[in-house]
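Listed here are the chains, written in short residue letters.
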Amino acid sequence: MGCFSFMCKECGEAILSNSFRGENVKLYLLKDGKIVQSMEGEYDSYGKVFTKDLKNSLEWDTDRGVICDLMFLDIMNLKIIMANSD
Ligand SMILES: [Zn+2]
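What you see is a predicted model; the values in this text were computed from it and never measured. (Residues numbered from 1 in each chain as written. Predicted model: local features only at pLDDT ≥ 70, side-chain atom pairs only at ≥ 80, totals over all residues. Heavy atoms only, no water.)

S.K.: Looking at this structure, how should I read the pattern of salt bridges?
M.R.: Oppositely charged side chains are able to pair whenever their charged atoms sit close together. If you walk through the whole model with that rule in mind, you get three salt bridges. Residue Glu42 is joined to Arg21 by a salt bridge in which the shortest nitrogen-to-oxygen separation is 2.6 Å. Of this pair, Glu42 sits in strand β2 (residues 34-42) while Arg21 is found in the segment before β1 (24-31), placing the two residues 21 residues apart along the sequence. The exposure class assigned to Arg21 is partly exposed, which follows from its relative accessible area of 47%. We note a salt bridge from Glu59 to Arg64, for which the minimum N-O separation is 3.5 Å. (Salt bridge = Lys/Arg side-chain N within 4 Å of Asp/Glu carboxyl O. Helix = DSSP H or I, 4+ residues; strand = E, 2+ residues; numbered from the N terminus. Buried < 20%, exposed > 50% of the residue type's maximum accessible area, 1.4 Å probe, protein only.)

S.K.: Explanation requested: the environment of Asn18 in the structure shown.
M.R.: Locating Asn18 in the fold gives a position in the segment before β1. Counting along the chain gives 25 residues from Asn18 to Tyr43, while the straight-line C-alpha distance between them is 8.9 Å. A polar side-chain atom of Asn18 sits 2.8 Å from the main-chain amide nitrogen of Phe20. Within the local environment of Asn18, its side chain forms a polar contact with the backbone nitrogen of Arg21, the two atoms lying 2.8 Å apart. (Polar contact = N/O pair within 3.5 Å; in protein donor to acceptor, adjacent residues only side chain to side chain.)

S.K.: I'm lost on the side chain of Asp44 in this one. Help?
M.R.: Take Asp44: it is sitting in the loop between β2 and α1 (64-70). Of the side chains bearing the opposite charge, Lys48 lies closest to the buried Asp44, which forms no salt bridge; the N-O distance is 4.2 Å. There is a polar contact of 2.7 Å between the side chain of Asp44 and the backbone nitrogen of Tyr46. Looking at Asp44, its side chain comes within polar contact range of the side chain of Ser57, at 2.7 Å. Not counting residues within four places of it along the chain, the set of residues in contact with Asp44 comprises Ser17, Ser19, Val49, Phe50 and Ser57. (Lys, Arg positive; Asp, Glu negative; His and termini not counted. Contact = heavy atoms within 4.5 Å.)

Encoded structure:
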C-alpha cells in the first residue's frame, strides 16, 4: 500500500510521517466543502492518524476504498485536507 503525502493547508509545508510516527496534524473530510468528519493525532502516512498508543490508526466512517480513491481522484465531492496541529 502506498503512502499518501499531504501539504499543510496552512503553511504549505509537506506533512511528514515514516509510517510509525508522524507530525501532529488535524485531518478534515469534506463533502461539498463541509466538514463531515475530522481526526487529530500523528499522521500515519495513509490518510489517517494513529491512535494515541500509536498501535493502530483511526478509521474514517467513509468506505476505505473511497478514501484511497480520494487520494488520486475527485469523487463524490469528497476531499481530505490536513494541517499541522502544533
Ligand atoms: Zn503547517
